[in-house]
Amino acid sequence: MNADVHTSVTRIADLEQRSYDIESQPTSQWETGDYVFARVTKRPNPGVRVENPRGRRVELMEGETIVGALGTRRATRELVGSWRDVGDDGLLDIMTGGGVLGRVTSASPFSKTPVEVEYEGHVVDDGIARMSDYGLTATSTTPETPVVLVLGTSMSAGKTMTGRVITRVLVENGYDVAACKLAGAGTYGDVLSMEVAGADPIYDFVDAGLPTTVVPEDTFREAVQPVFARLQEADVIVAEVGASPLEPYNGEAVVDMLADHVAFTVLCASDPYAVVGIEEAFGHSPDLVAGITTNTTAGVDLVEELVDCSALNVQNEAAKEPLEAMLLEALADA
């Protein structure tokens, strides 16, 4: 059997390229990361799409089948839900463009209505197929490569665009750049944008076998360790932490794991006062503030008034030269 659409969280299992069986399981047997076969119950709203395993966004139609992965999402500006909230009716929502499945329990009035699907069964491939079965395995490499760390005060604060710009600047200066997204909810497009900018290799937590990083910290740390090992051949790593390190996505664990290797930290902020909040929570300032709060000179000025830190709108061509200077100085000292 094959679904009409395999979402991007299935890419590590290569399910699109082979046949598999479907077996219905009681919810008491479900686990985070299970691959699930489901059918679209009604025509989705126009503009709502999901990613396929190559990162291309495709439209779904009523009656089509998909394979996604059970997970939990706690987005401050979009959707909150989990596979644990699925009822006896077997109805789920596609909670991310990457195909994370669960039942939405809270939604922003500004978010698009998620696609509703009906559970038909679990993917069976020599037993129940789970993302953890296909995740990267550990290697013995000791991390030594310097890291440019891109954090946010919330989701949709400008982190992915900032990581892309930073990657481009470093590549243009002759660096071999590896890139990763280490926390958040599974979508492929974020890390692919850094590949477009010249990063090679690229990895995210989906490669580690996680649909989202709303999991116990021990589980998270064990899963993402192999990601670090595969980035060590580069000159520098650009690492994005999805959402905020204060949200339940294990961003704080990422900051701790990379602390000894970070050469430069960029905080992408939704507003100037959020910068103050992150500073107070962690007790230190980033090297640069970017993101939505820098969209106007008023935001830049207020950031620099409130905190002891430079702010740049990195999408502005005029910011390229000072950004380049800061990055090269930091890496020279690393």
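In this report, we go over the structure that sits alongside the text. (Residues numbered from 1 in each chain as written. Predicted model: local features only at pLDDT ≥ 70, side-chain atom pairs only at ≥ 80, totals over all residues. Heavy atoms only, no water.)

What follows is about the nonpolar core. If you look at the biggest cluster of nonpolar residues, it comprises 58 residues, and the most contacted ones within it are Tyr35, Val67, Leu149, Leu182, Phe220, Ala239 and Leu258. Dropping the residues within four chain positions of it, Val67 is found in contact with Ala3, Val5, His6, Thr7, Thr10, Leu15, Tyr20, Tyr35, Val36, Phe37 and Val123. Leu170, Ala179, Cys268 and Ala319 belong to the second largest nonpolar core, which has 29 residues in total. (Core = buried A, V, L, I, M, F, W, Y, C linked by side-chain atoms within 4.5 Å. Buried < 20%, exposed > 50% of the residue type's maximum accessible area, 1.4 Å probe, protein only. Contact = heavy atoms within 4.5 Å.)

With that out of the way, let us pick up the side chain of Asp93. Relative to the helices and strands, Asp93 resides in strand S9 (residues 91–94). Ignoring sequence-local partners within four residues, the contact set of Asp93 consists of Val100, Leu101, Gly102, Arg103, Val104, Pro114, Val115 and Glu116. (Helix = DSSP H or I, 4+ residues; strand = E, 2+ residues; numbered from the N terminus.)

With 14 residues, helix H1 (residues 159–172) extends 20 Å from end C-alpha to end C-alpha; this agrees with the ideal 20 Å at 1.5 Å per step. Taken as a whole, H1 has its buried residues at Lys159, Thr162, Gly163, Val165, Ile166, Thr167, Val169 and Leu170. Following H1 by one or two positions, Gly174 adopts a phi angle in the positive range, close to 90°. (Expected span 1.5 Å × (residues − 1).)

Vacant regions in the atomic arrangement are exposed by a probe of water-molecule size rolled over the atoms. In total, this model carries 2 cavities of 30 Å³ or more according to the counting rule given. As a volume, the largest cavity reaches approximately 100 Å³. Taken together, Leu151, Pro245, Val255, Thr265, Leu267, Val275, Ile278, Glu279, Phe282, His284, Ser285 and Pro286 make up the lining of the largest cavity. Of all the secondary structure elements, the ones that give two or more residues to the lining of the largest cavity are strand S16 (262–268) and helix H5 (272–282). A total of 4 residues in the lining of the largest cavity trace back to one element, the largest contributor, which is H5. A per-class count over the lining of the largest cavity returns 8 nonpolar, 3 polar and 1 charged. (1 Å grid on protein atoms, 1.4 Å probe; cavity = no way out; pocket = protein on both sides within 12 Å on 5 of 7 lines; lining within 4 Å. Points joined across faces, edges and corners; volume = space filled by probe spheres on them. Nonpolar A, V, L, I, M, F, W, Y, C, P; charged D, E, K, R; others polar.)

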